[in-house]
Every structure is written in structure tokens, then in C-alpha cells.
Amino acid sequence: MSQQAPVLTVDGPGGAGKGTISRLVAERQGWHLLDSGALYRLTALAASQHAVALDDEAGLARVAAQLDVTFKTGSDAPQVLLEGEDVSGVIRTEQVGDAASRVATMPRVREALLQRQRDFRQAPGLVADGRDMGTVVFQDAPLKIFLTATAEERARRRLLQLREAGVDASLSSLLKEIQARDARDMQRSVAPLVPAEDAVELDTTHLKIPEVVDRLTELLANRGLVTVT
Ligand code: DC
């Protein structure tokens, strides 16, 4: 295992800032990025496009195993292509997110996505963003982070994001959705959302994005995984 590329795992509930933080840390280090949530979102979207029902576990596992997906990086707005079509926007909708969290409760779907996620581990390193990166997918990662923020703060951040995108939403309904998604992610029997025993927990409720990125860079440097420039 020691000759494998290093992995920084970033797990935590939705809206804690994992996506943005992971992207910025990967960019700063020139490391690869795995957005594992996108794979669950893509499975849910592909299932609806191929008329596979959300309770058909065997069908969903087949969809997951056969996902034809390309992640295009290198620009400010990374693109996700499903069967050649740009679905970067549609996979971020609440509807697809909700379907993804249902699909993600199924052991056969998770199993079907496992090797695809591990294939992202390449030199010089990987930042892996998700729910079970440190507990299941990359158990031997040399640095594991569990990022949190209060549900209220996460709802507030989501509201701002939606407003910026010109979408109208209410704080109270977003809070309810976040709490329902948290409960589903934490209570499922397979790969539930819990911090790995050896994870460093970081509460971002009162932190700004650059402060979190600096803190993670410092932790990577302390473990000898990167050199600080
Ligand atoms: O991080 P996200 O919101 O894009 O994730 C979408 C859903 O996928 C979320 O409800 C939890 C699930 N998920 C998971 O079960 N395991 C992962 N490693 C990543 C996401």
C-alpha cells in the first residue's frame, strides 16, 4: 500500500463545504479529485433516463456498473458528461440529490461503484470527497477529514447558492430537506455517514472557505504528504 498515491479523504454531511474545499485543495496541490456524490447522482439520473425504478436494486446496480461518465476538469466550472451529454447542472438539483440519497442506501449499488472510485487514486495524489471515503473506500488514507457545520448553517449556505443561481427557495423547507437527507445518510445500514475512527473533525460553521483550505494544507504538510510553498 505504501507505494500507492496518497489520499486525503473529506467526508461529512451535505452542505458542509466538502465539494468546494476538496476542489480548492486538489487545485492547490495539483492532485486529482473524486466527487463520489456525483457518481450516486449520475446513477440516479441515468436510472430515470433508462426507466429503471428507484426500488429496483439489481437494475440500479447494473446502471451504476455501466455508467458512461466523463469528468472534465481544468476550468473554473468542471463539467460532468453522462453518455456524452453535459449534465453538470441537472445532477445538482434537489430532485436528483434526493433520488441519489435513496440509491445510495443500496449495497449492490455501492459495491458496483467501489472500484470506479478506487481507480481515481493516482499520482501525485487524490482528494476524495464523500460520505464513506475514509471508512470504506480508502480505509488506508494517510489523512482523513470529517467536515461538519450545523444544519441551520448548511441550509443558509444552500439558500445563498440557490439565490445566486436565481432560484427561489425558503430557509425552513431547505432545513427540513437537509435534516431528512442527514437522517437517511446516517441511519442507513450500509456505509452510514460516520467519522472514521482516525478522522480529524473540523466544524466549519464559523470558518471561511480559505481558512478551511489553509487548515487542510497545514495538516497535509504536518503529515509529510505535501511541501508547503
Ligand atoms: O455529496 P452529494 O450531495 O453530491 O451526495 C449525493 C448523495 O449521495 C447523498 O445523499 C449521499 C450519497 N453519497 C453516499 O452515500 N456516499 C458517498 N461517498 C457520496 C455520496
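Residues numbered from 1 in each chain as written. Predicted model: local features only at pLDDT ≥ 70, side-chain atom pairs only at ≥ 80, totals over all residues. Heavy atoms only, no water.

**Student:** Which residues make up the overall build of the protein chain, and what values go with them?
**Tutor:** Assigned secondary structure in the protein chain consists of nine helices and eight strands. The C-alpha atoms of the protein chain give 17 Å as radius of gyration, which agrees with the globular expectation for 229 residues (17 Å, within 12%). For the C-alpha atoms alone, the extent of the protein chain along its principal axes is close to 50 × 40 × 35 Å. The proportion of buried residues among the 229 residues of the protein chain is 44%. Taking contacts inside the protein chain between residues at least 6 apart in sequence as the whole, the part at least 24 apart equals 75%. Side chains of the protein chain give 27 positive and 32 negative charges; the mean places of these two sets differ by 1 Å. (Helix = DSSP H or I, 4+ residues; strand = E, 2+ residues; numbered from the N terminus. Rg over C-alpha atoms; globule rule 2.2 N^0.38 Å. Buried < 20%, exposed > 50% of the residue type's maximum accessible area, 1.4 Å probe, protein only. Contact = heavy atoms within 4.5 Å. Lys, Arg positive; Asp, Glu negative; His and termini not counted. Charge placed at Lys NZ, Arg CZ, Asp CG, Glu CD.)

**Student:** Describe the site of the ligand, with residues and values.
**Tutor:** Close to the ligand lie 15 residues, the nearest being R41, S101, R110, R131 and R188. Contact distances for the ligand include 2.9 Å between a nitrogen atom and a side-chain N or O atom of D132. Burial of the ligand by the surrounding chains reaches 95%, relative to a free accessible area of 450 Å². Contributions of two or more residues to the shell around the ligand are made by α2 (36–49), α4 (94–103) and α8 (171–187). The dominant element in the shell around the ligand, judged by the number of residues it contributes, is α2, at four residues. Residues belonging to the shell around the ligand are distributed by class as follows: four nonpolar, four polar and seven charged. (Near = heavy atom within 4 Å. Polar contact = N/O pair within 3.5 Å; in protein donor to acceptor, adjacent residues only side chain to side chain. Areas by Shrake-Rupley, 256 points an atom, 1.4 Å probe, with all protein chains shown as cover. Nonpolar A, V, L, I, M, F, W, Y, C, P; charged D, E, K, R; others polar.)

**Student:** Give me the lowdown on the packing of α2 against α4, citing residues and values where you can.
**Tutor:** At a minimum axis distance of 8 Å, the contact between α2 and α4 shows a crossing angle of 100 degrees. With respect to each other, α2 and α4 are oriented roughly perpendicular. Contacts from Y40, R41, T43, A44 and L45 of α2 reach α4 at V96, G97, A99, A100 and V103. Grouping the amino acids of the contact of α2 with α4 by side-chain chemistry returns seven nonpolar, two polar and one charged. (Axes fitted to C-alpha atoms, helices over the stretch in contact; angles between N-to-C directions. Parallel < 35°, antiparallel > 145°, perpendicular 65-115°, else oblique.)

**Student:** Describe helix α3 (residues 57–65), naming the residues involved and giving the relevant values.
**Tutor:** Where α3 is concerned, the buried positions are G59, L60, A61, V63 and A64. Elements in contact with the buried residues of α3: α2, α4 and α5 (107–118).

**Student:** An account of the pattern of salt bridges is needed here, citing residue identities and associated values.
**Tutor:** Oppositely charged side chains may form a pair once their charged atoms are brought near each other. Scanning all chains against the criterion turns up 16 salt bridges. R110 is the partner of D132 in a salt bridge, and the nearest nitrogen-oxygen pair spans 2.9 Å. Residue D132 is located in the loop between β6 (126–130) and α6 (133–137), and its partner R110 is located in helix α5; the two are separated by 22 residues in the primary sequence. Of the charged contacts, one joins E218 and R215 as a salt bridge, the two residues approaching to 3.0 Å between their closest N and O atoms. Placement of both E218 and R215 in helix α9 (residues 209–222) is noted, with a separation of three residues, approximately one turn of the helix. (Salt bridge = Lys/Arg side-chain N within 4 Å of Asp/Glu carboxyl O.)

**Student:** I'd like to hear about the pairing of strand β1 (residues 7–11), residue by residue, with values.
**Tutor:** Consecutive side chains along a regular strand alternate between the two faces of the sheet. Among the five residues that make up β1, five are buried, leaving the element largely enclosed by the rest of the structure. Pairing of β1 with β6, which is carried by five bridges, proceeds in the parallel orientation. Looking at β6, one finds that T9 is bridged to A128. In the sheet, β1 pairs with strand β7 (residues 143–148) via four bridges, with the strands oriented parallel. Paired with T9 across the bridge in β7 is K144. (Pairing = 2+ DSSP bridges.)

**Student:** Go over the sheet that holds β6 with me, naming the residues and quoting the values.
**Tutor:** Strands sit in the order β2-β6-β1-β7-β8 across an open sheet of five strands; the sheet is parallel. Every other strand in the sheet has two partners, leaving β2 (32–35) and β8 (200–203) as the edge strands with one partner each. Going across the sheet, the axis of each strand differs from the next one's by a mean of 20 degrees, ignoring polarity. Seen against the sheet, α9 touches β1, β7 and β8 and runs at an angle of roughly 160 degrees to β7.

**Student:** Tell me about the sheet that holds strand β3 (residues 69–72), residues and numbers included.
**Tutor:** The antiparallel open sheet is built from three strands, whose spatial order is β3-β4-β5. Only two strands of the sheet have a single neighbouring strand rather than two, namely β3 and β5 (85–86). As defined by bridge partners, strand β4 (residues 79–82) adjoins β5 across two bridges and the pair is classed as antiparallel. Each residue of the ladder has a partner; that of L82, found in β5, is E85.

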